[in-house]
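An overview of the molecular structure
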Amino acid sequence: MKKDHKEKIGVFICYCGGNISDYVEVEKVAKVVENEPGVQLVKTTMFTCSDSAQVEIIEKIIENDLDGMVVASCSPKLHLLTFRDVAKRAGLNQYNYVHANIREQCSWAHSDRTDDATDKAVRIIRAAISKVRMSQSLQPIEIEAKNVAAVIGAGISGMRSAIELADQGSQVYLIEKDHFVGGRTAQWGHLFPTNEEGKNLVERLYKQIKERDDITLFTGAEVESLNGNIGNFELGVKITPRYVFGKCDDDFLDQVLKACPLEVEDEFNFGLTKRKAIYKNYREAYPESPVIDMELCNKCGACQKICDGKIDLDQEVEHITFNAGAILLNTGFDPYEPEEGEFGYKTVDNVITLQQFRRLLDMSNGTLEYKGKKIRDIAYIYCVGSRQPDGDNKHCSRYCCTSAIQSALNVKNKYPEVRNFHITRGIRTYGKQETCFTDSSRQGDIYLQFFEGAFPEVEKRGEQTKITVQDALTQNENIEVSADLVVLVTGMVQRKDQSVAEILKVPIGSDKFYNEVHTKLRPVETVIDGVFIAGACQSPKNVRGTMASTLAASAKANSLINSGKIELEPIIATVDTDLCEWCGKCDELCSYNAFEKVEADGKTVAKVNKALCKGCGACTPVCPSDAISIVGYSNEEIEGMIDAFVKDVRLIEDHQAKEAESAEGVTNNADKLANALPEMSKRILQSLESGSKAIPEIAAELKHPSEDVMYYLMSLRKYGFVKDTEEINEDEYYLYELKK
Amino acid sequence: MEPNIIAFCCHYCAFTAADLAGTMRQQYPANIHIVRLPCTGKVDINMLLRAFVDEADGVMVAGCEVGSCHFLEGNIRAKKRVEYAKRKLEEVGINPEKLEMFHIAASEGPLFAQTARDFTDKIRRMIQQESQIEQGSEGQKKKEQIAEPVDNRKEENDRSTGAM
């Protein structure tokens, strides 16, 4: 590919007030890089990012009519945008600027060896210069955006963000897979610190949503497909009907519930109770009308006899599509399900999870009973499914300490005779939540503490359930607690059902939660432009943390789509249509479907959808004709950087001579690929004319080091001149032959 | 002399980890030269071999942890390509262990530094061993197969020409 090399490059090297200059001899570095090809001027400054230094850089660029800029200072993650702006202000294309990281990746990491650090700084800057020399002037890609947001998941996170987005002027589609809104919060009972019930929060949000025209809620709705790109996604949604319509009063509900003969375990109550085929998650659940579970229903018609035309068992599944500029994922979490036998779960009859306990407490009336037995002593075992030393879940789920202690407060408040035993691995009621720990201690709850490696044991002895714990608070005394109910304080894990994430191609972290772009600086964005994550699907969060993240995601999404236009980074794949012969390999490989097959100038070639391409570069290694390259990361640029890194720092004059030599020989005629082959490649082809050969044989014949031969041979293979025979010679080397 | 090592690092994980290593003042040898790539999925065999042709002593490819690539499976593809390139290196008598793939999450600054230190040590040892063998015995079979170095290095310039 023909490129004009930049010849008037300005290099600005930062002292960073000693952070760099204490370990790197900045002036010496400046002297050395001055001689690099293409460099017109080198300046050193105390703080390049300071306002005055920025103004000075701008003056220098204008004064000297610079066509490229290298800033050598801290990490580009910190100041790339700062200096892009500087370039813009000076009238220099912002993509003709390359950042050299000589602080985090040089001075700070090699502060014990200043000579080496200086040497390395030269190499880093040299590589940056080499890159900027070949850089292209680019413009950001501008695309149109629909001011419509699709919010997936109508728990409190999704509902809150729908309201926020609508307040900011976006049209919102709110998509919930369940037939009732509220997600996990509706199951949670009384919440810290106000003791307001989760379902009240749900009710408040639902009522606000119902009042608005700019929010459309779909329940029983599952995302099936995603097309399009940021600014204009097309979502395909499958909607399962309720089979019941119109509002139903309590009388009606009581009658149909009584009439329905079928029963199944109630997921909403974590299997503690049964529900009918026609059901509501809980009496006050929204939307108001009940729903029929068609997987269970046998269409006996018992409910239809009671209703006055409110039930239609023949309603059909619908498939709809709509367009949205941005997507917010608020899919929440699953509670950790302990394995059978983990602290007696499912093997000891009175062991339940925290989530079950909260439902039990919420539903209990008058007496607290489990499986018909009255409960007096409750033992809570903490960190079940979180902070696992050997398991997959290394994370702390953050909310469970508070949730368990608050349950202990509530249970004591409701049933004063109950005694609470907390068997913990250290209490993490951080921030304002510490008050509930104080309250619990004050009401006489007993705390025992174990450490990793000495997990408590739960066993049944006769009628009694015993927990043995090596208690760190009493100098590792073995203490036995007998309990009527053992509550496993189970944490949060990612939802089992990952179909939405798969359709949206959201990156997933090693902890299985969705990955944000940057944990600290960009916590609600994903690398998929226009797709945001909020709430517990990103990492464990309590209600307050969820609200903060969902509002952040709403604001980010709205700021993206409300102007009707979006600017995207032009660092993406480009296809050289002269070289492309459309083999479809790029299309096959691309995770984002960014390639399409088009006709151009009478031939079939690949075309990149600029809004879909993420610039990851996965397509470049598979292109057999080397037609694809990533802007800023072309083979030429990368090789230039490698050269700059490896070459000895002191051989500057030698290097200049080479540059001049290679510049002379540049012939760039892509479609005459064969003619443009390097001498070495031609010789390899000649050598192979007499039959298939292995690399060492060719090397011996050409009297050339075999790694050189291999480099050229691999290129020849990539460009389709040579192929593997899949045979080996007597020394077990692979044979290569000409591809006719 | 310290070995020259090229480290191809992905933007989201390993490069960030390298930044963090510096911020935490974790020390590692200065001969690790980081080439930032958008994703290790961009790594191809030519790039890896190019480094060896340029007489780099070792090449490390550092991507996200398995299962947490920001571009879904770039790091897995890179791993496969590194394995392939290792076989090719072996073919020409370069110790394939001079090329290695690592998985370093963005938060693992110390791991980056440790990896850099360990890999440098390993390369240093390999170079020592090789020079001992070269001096000591009559030379390995593989060494023989690398034809005697020829002084027509000028041809290297060809590499920057044409479509290569």
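Residues numbered from 1 in each chain as written. Chains lettered and ligands numbered in written order. Predicted model: local features only at pLDDT ≥ 70, side-chain atom pairs only at ≥ 80, totals over all residues. Heavy atoms only, no water.

Interfaces are often sized by the amount of accessible area the parts lose when they come together. Residue and element names in this part refer to chain A. By the assigned domains, chain A splits into domain 1 (1–137 + 631–676), domain 2 (148–240 + 323–332 + 495–565), domain 3 (250–313), domain 4 (335–492), domain 5 (571–630) and domain 6 (678–738). Computed from C-alpha atoms alone, the centre-to-centre distance between domain 2 and domain 4 is 32 Å. Contacts between the two partners involve 18 residues from domain 2, matched on the other side by 20 residues from domain 4. Surface buried jointly by domain 2 and domain 4 totals about 1,600 Å² across both partners, of which 54% is contributed by carbon and sulfur atoms. Contact with domain 4 buries surface across domain 2, with W188, F192 and P540 losing the most and accounting together for 42% of the total. At the boundary of domain 2 with domain 4, the tally comes to zero salt bridges. Summed over the shared surface of domain 2 and domain 4, the number is seven residue pairs in polar contact (both at pLDDT 80 or more). The class makeup of the residues in the side of domain 2 that touches domain 4 is seven nonpolar, five polar and six charged. (Domains from an automatic or database assignment. Contact = heavy atoms within 4.5 Å. Buried area = accessible area lost by both parts, 1.4 Å probe. Salt bridge = Lys/Arg side-chain N within 4 Å of Asp/Glu carboxyl O. Polar contact = N/O pair within 3.5 Å; in protein donor to acceptor, adjacent residues only side chain to side chain. Nonpolar A, V, L, I, M, F, W, Y, C, P; charged D, E, K, R; others polar.)

With that out of the way, let us pick up the packing of aromatic side chains. Residues and elements named next belong to chain A. A full pass over the atoms with the stated rule returns 18 aromatic pairs over all chains. Residues Y206 and Y286 carry aromatic rings whose centres are separated by 4.8 Å and whose planes lie at 25° to one another, so their mutual orientation is stacked. On the criterion of sequence distance, the pair formed by Y206 in helix α7 (residues 198–210) and Y286 in the loop between β13 (278–279) and β14 (291–292) is long-range, its members being 80 residues apart. Comparing Y206 with Y286, the two get one shared label, buried. Plain terms: the ring middles of F333 and Y399 are 6.3 Å apart, the flat faces sit at 55° to each other, and that makes the pair tilted. Taken as a pair, F333 in strand β17 (residues 333–335) and Y399 in the loop between β21 (377–384) and α11 (400–414) lie far apart in primary sequence, 66 residues in all. Residue Y399 is classed as buried on the basis of its relative accessible area, which comes to 7%. Taken together, the ring pairs connect Y173, F218 and F322 into an aromatic cluster. (Phe/Tyr/Trp six-rings, centres within 6.5 Å; stacked < 30°, edge-to-face > 60°. Helix = DSSP H or I, 4+ residues; strand = E, 2+ residues; numbered from the N terminus. Buried < 20%, exposed > 50% of the residue type's maximum accessible area, 1.4 Å probe, protein only.)

For the structure on display, the rule yields one disulfide over all chains. Between the sulfur atoms of B:C13 and its disulfide partner B:C64 the distance amounts to 2.5 Å. Because the sign of the S-S torsion sets the handedness, a value of about 95° for the bond joining B:C13 and B:C64 places this disulfide among the right-handed ones. In this pair, B:C13 is assigned in the loop between β1 (5–10) and α1 (14–23) and B:C64 in the loop between β3 (58–63) and α3 (74–91), connecting sequence segments 51 residues apart. Both residues of the pair, B:C13 and B:C64, belong to the buried class. Looking at A:C586, it has no disulfide partner, and the nearest cysteine sulfur is the one in A:C583, 6.0 Å off. Its sulfur unpaired, A:C619 is 6.3 Å from the next cysteine sulfur, which belongs to A:C613. On the accessibility criterion, A:C619 (8% relative accessible area) is buried. (Disulfide = S-S within 2.5 Å.)

Think of a sheet as strands paired side by side through backbone hydrogen bonds, with each pair either parallel or antiparallel. All names here are of chain A. Taken in spatial order, the three strands make up an open sheet running β24-β25-β26, and their pairing is antiparallel. Here the strands that pair on one side only, and so sit at the sheet edges, are β24 (457–461) and β26 (477–483). Going from strand to strand, the sheet's axes swing by 30° on average, the running direction of each strand aside. Summarising the sheet, strand β25 (residues 464–471) and β26 pair through seven bridges and their orientation is antiparallel. Bridged to Q470 within β26 is N478. (Pairing = 2+ DSSP bridges. Axes fitted to C-alpha atoms, helices over the stretch in contact; angles between N-to-C directions.)

Residues and elements named next belong to chain A. Note on placement: R84 falls in helix α3 (residues 76–89). Residue classification places R84 among the buried residues on the basis of a relative accessible area of 11%. The residues contacting R84, other than those within four sequence positions of it, are Q94, Y95, Y97 and E569.

This part is about the pattern of salt bridges. Inspection of the entire model under this criterion finds 47 salt bridges over all chains. A salt bridge links B:R50 to A:D643; the nearest nitrogen and oxygen atoms lie 3.0 Å apart. In this pair, B:R50 sits in helix α2 (residues 45–53) while A:D643 sits in helix α16 (residues 635–646), so the two residues belong to two different chains. For B:R50, a relative accessible area of 7% translates into the label buried. One connected set of salt bridges, linked through shared partners, spans A:E459, A:R461, A:K466 and A:E480.

This paragraph deals with the interface of chain B and chain A. Residue-level contacts link 75 residues of chain B with 86 residues of chain A. For the pairing of chain B and chain A, the buried interface totals around 7,400 Å² over both sides, and the portion due to carbon and sulfur atoms is 55%. Taken together, the links from chain B to chain A amount to two salt bridges. With its nearest N and O atoms 3.7 Å apart, the salt bridge here joins B:R50 to A:E639. Linking chain B with chain A are 23 residue pairs in polar contact (both at pLDDT 80 or more). Of all the elements in the fold, those that place two or more residues in the side of chain B that touches chain A are β1, α1, β2 (32–37), α2, α3 and α5 (141–145) of chain B. Residues of the side of chain B that touches chain A, tallied by class, amount to 33 nonpolar, 19 polar and 23 charged.

Residues and elements named next belong to chain A. Residue P193 is reached from F192 by a cis peptide bond, and omega for that bond is -5°. Tracing the backbone through its elements, the reader meets P193 in the loop between β7 (171–175) and α7. Geometrically, the link from Y286 to P287 is a cis peptide bond, its omega value of -10° lying close to zero. Topologically, P287 is positioned in the loop between β13 and β14. Positive phi, normally seen in glycine, also occurs at C383, with a value near 55°. Within the secondary structure, C383 is located in strand β21. Since its relative accessible area comes to 14%, C383 is described here as buried.

Another point: α16(A). Residue and element names in this part refer to chain A. The first and last C-alpha atoms of α16 sit 16 Å apart over twelve residues, in line with the 16 Å expected at 1.5 Å per residue. Most of α16 is tucked away, with ten of its twelve residues classed as buried. Within α16, the full set of buried residues consists of N635, E637, I638, E639, G640, M641, I642, A644, F645 and V646. (Expected span 1.5 Å × (residues − 1).)

Per the counting criterion, the structure on display carries five cavities of 30 Å³ or more. Of the volumes computed, that of the largest cavity is approximately 110 Å³. Considering only residue class, the lining of the largest cavity consists of ten nonpolar, three polar and two charged. (1 Å grid on protein atoms, 1.4 Å probe; cavity = no way out; pocket = protein on both sides within 12 Å on 5 of 7 lines; lining within 4 Å. Points joined across faces, edges and corners; volume = space filled by probe spheres on them.)

Here we come to the sheet that holds strand β4 (residues 99–103) of chain B. Residues and elements named next belong to chain B. Read across the sheet, four strands follow the order β2-β1-β3-β4 without closing on themselves; strand pairing throughout is parallel. The strands lining the two open edges of the sheet, one partner per strand, are β2 and β4. The sheet shows a mean angle of 20° between the axes of neighbouring strands, direction not considered. The sheet contact formed by β3 and β4 spans five bridges and is parallel. Paired with M60 across the two strands is E100, which belongs to β4. Packing of α1 onto the sheet brings it into contact with β1, β2 and β3, and relative to β1 it is tilted by some 115°.

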